[in-house]
Each structure stands twice: as C-alpha cells, then as structure tokens.
Amino acid sequence: MDLGIKGKRALVCASSKGLGLGCAEALAAAGVDLVMNARGSEALEAAAQAIRDAHGVEVVTVAADITTEAGRAAVLEKAQGVDILVTNAGGPPPGMWHDWDREDFIKALDANMLTPIALIKALVPGMMERGWGRVVNITSQSVKAPIPTLGLSNAARTGLTGYVAGTSRQVASRGVNINNLLPGIHATDRAEALDGPVAKREGITLEEARARRSATIPAGRYGTREEFGAACAFLCSVHAGFIVGQNILLDGGGTNATI
Ligand code: NAP
C-alpha cells in the first residue's frame, strides 16, 4: 500500500533502538525524511546510517535527553516544520505502589506525560497552519489494563491519554490527527529490563522468563519492532485521516477485553 507520505518529514523521539527505531524504519520505508533522537550518540548514528543506506531518505540526528527542557530545545531546533511527530521515551522502573516518592512521580510524569505534551504544543500549531499533520504517542498496554508493578507508568501514561483525548478532537478539523499506540510486550531492550528481575526473583533463566510470559499472550510470542513500526506508519499515512484520538493496542491479544 502506498502510504502517501513520501517527501514528508517526521520527528521520531527515542529512536535509536526498539519501538522508536521500528517507527523510524517504517516511516523511512514510506519515503519520509527523519529527525531521529536518543541520548547515546553511538547507537543513534549507527541506526541513522543504516536507514539512510536502506531507504535513501534524509536523516538528521540529535543526541539529547528528550525528557529535559534543554534536550527538547536541541531536538526542536532541528525539527521545526515537521509533518509527523512520534513521541517516545524510556519507561519508568518497576516497583511496588509504596516504593515511590514525589521525585519519582515527577520524573515519570516529565518523561511519559509532560514531554509528549510539550512536543505536541511546539509542533502541532505548524501542522494546523499547513493543514496536515500526524502525531503518534507510544504509550503502553498499561493504559487499558494496569500492570501492577508499573505504577509510575500506569499513572503518567494515563495522564497523557486524557490530554490527547481532548486535544485530538480540537485539532482534527485542521487535518491533524493525534492517536496513541499501546504496546504490549515486544522483543526490545525494555522487555529484557522487565524480564531480568523476574528471572532473578523466580530463580529461572531469562529464556524461561520469556517463555512463561509468552505463554500468557494469545499470540504466543512477543511483538516485533517491525510490526509496531508498520502500525505507526499507517497511523501517519494519508489513509488514517478519520482516526482521531484512538488508543490502539498492539499486544498479541494480551489485554483480555471485549472492546
Ligand atoms: P528500548 O528498547 O529500551 O529503547 C528505548 C529507546 O529510547 C532507545 O533508543 C533509547 O536510547 C531511547 N531513549 C530512552 N530514554 C530516552 C530519553 N530520555 N531521551 C531520548 N531517548 C531516550 O525501549 P522500547 O521497548 O522501544 O520501549 C519504548 C517505550 O515503549 C518505553 O516507554 C517503554 O516503556 C514502552 N513500552 C515498551 C514495551 C515493550 O515490551 N517493549 C511495552 C509497553 C510499553 P538511549 O538509551 O541512548 O537514550
């Protein structure tokens, strides 16, 4: 399918690895020029070069922490006028409900709620002026069904979801569509960071922890960054203009809900 976005420009945050990288690759495959971001420059430069080589699109890189004001300013300097924004950042650490104090919540809110909102506020006005734009926020399955050990994530991402629900309906008539993609477990470094402590706690190998988790998913496996990226690229396509403020689960059926 021709996604109809060849020649457009996208900012994909936190995209040197994992789900963000999957989104960057799929957009590049559709002919979209990119601004890519991550904190570490080595993996970022390697990913950017691989995308240039594979797809012949322009890729600008900005090594910066997207959750800080200075990092966002550096990224936004290179991303002015983008047509597509994919927000993403690392997820908060797991723990128990009584583990976290105010500072932990502020950090999680900054990363997974206030950063995407700041980026939306900075870039959506230009999209509205030009009459076309797409925003995809990478959130989590935890928005639909809480993951008890990820209380910080549950809280911060649900806050973003509420903001997007209203905002997406305020900008849709100007050709700007904002939606959220909700990953269930995907085979990335983040999954390893979540499975590692489980393996340690249960006294099993990482492979065994993965197999146990896979057995709880109707699809019987973890998702891939390529599948995730393809869904993101579709939401950024010309065909997705009637999809507004939705929360789309990519979880292999893991969330046991009828709708
Ligand atoms: P990942 O494989 O660990 O990749 C994270 C990427 O984001 C890396 O490129 C990393 O590069 C970059 N990054 C992290 N923090 C950043 C920051 N502050 N500023 C800029 N770049 C940053 O993680 P993932 O699996 O793709 O997960 C992406 C998001 O989806 C996370 O919020 C995660 O919690 C959420 N999620 C993932 C899953 C899953 O199963 N994978 C499920 C539900 C939700 P640097 O480290 O160099 O910055």
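As a reminder, the structure under discussion sits directly above these lines.
Residues numbered from 1 in each chain as written. Predicted model: local features only at pLDDT ≥ 70, side-chain atom pairs only at ≥ 80, totals over all residues. Heavy atoms only, no water.

(A) Structural view of the overall build of the chain. A tally of helices and strands in the chain yields 8 helices and 7 strands. The globule rule puts the C-alpha radius of gyration for 259 residues at 18 Å, and the 18 Å found for the chain is close to it. Expressed as lengths along the three principal axes of its C-alpha atoms, the size of the chain is roughly 55 × 40 × 40 Å. When each of the 259 residues of the chain is scored for burial, the buried share is 48%. Sequence-distant contacts, at least 24 apart, represent 72% of the contacts inside the chain between residues at least 6 apart. (Helix = DSSP H or I, 4+ residues; strand = E, 2+ residues; numbered from the N terminus. Rg over C-alpha atoms; globule rule 2.2 N^0.38 Å. Buried < 20%, exposed > 50% of the residue type's maximum accessible area, 1.4 Å probe, protein only. Contact = heavy atoms within 4.5 Å.)

(B) The site of the ligand, seen in detail. Close contacts around the ligand come from 28 residues, with Ser16, Leu19, Ala89, His186 and Thr188 the closest. One of the backbone N or O atoms of Ala89 is found 2.6 Å from an oxygen atom in the ligand. Look at the ligand: alone it shows 880 Å² of surface, and the protein chains cover 89% of it. Split by residue class, the shell around the ligand holds 9 nonpolar, 13 polar and 6 charged. (Near = heavy atom within 4 Å. Polar contact = N/O pair within 3.5 Å; in protein donor to acceptor, adjacent residues only side chain to side chain. Areas by Shrake-Rupley, 256 points an atom, 1.4 Å probe, with all protein chains shown as cover. Nonpolar A, V, L, I, M, F, W, Y, C, P; charged D, E, K, R; others polar.)

(C) Summary view of the environment of Val35. Here Val35 shows up in strand β2 (residues 33–38). On the basis of relative accessible area, Val35 is assigned to the buried category, the value being 1%. Separated by 41 residues in the primary sequence, Val35 and Leu76 have C-alpha atoms spaced 9.5 Å apart. Beyond its immediate sequence surroundings of up to four residues, Val35 is in contact with Arg9, Ala10, Leu11, Val12, Val60, Val62, Lys78 and Ala79.

(D) Up close: the sheet that holds β2. Pairing in this open sheet of 7 strands is parallel, and the strands run β3-β2-β1-β4-β5-β6-β7 from one edge to the other. The two strands at the open ends of the sheet, each matched to only one other strand, are β3 (59–63) and β7 (247–250). Averaged over all pairs of adjacent strands, the angle between strand axes in this sheet comes to 15°, irrespective of strand direction. As defined by bridge partners, strand β6 (residues 176–183) adjoins β7 across 4 bridges and the pair is classed as parallel. Residue pairing for β7: Leu182 is matched across the bridge by Leu249. (Pairing = 2+ DSSP bridges. Axes fitted to C-alpha atoms, helices over the stretch in contact; angles between N-to-C directions.)

(E) Representation of the pairing of β3 within the structure. Note: β2 against β3, 5 bridges, orientation parallel. For Asn37, the partnering residue across the bridge sits in β3 and is Val62. Taken together, β2, helix α2 (residues 41–55) and β3 constitute a β-α-β crossover, and its handedness is right-handed. (Right-handed = clockwise from strand over helix to strand, strands pointing away.)

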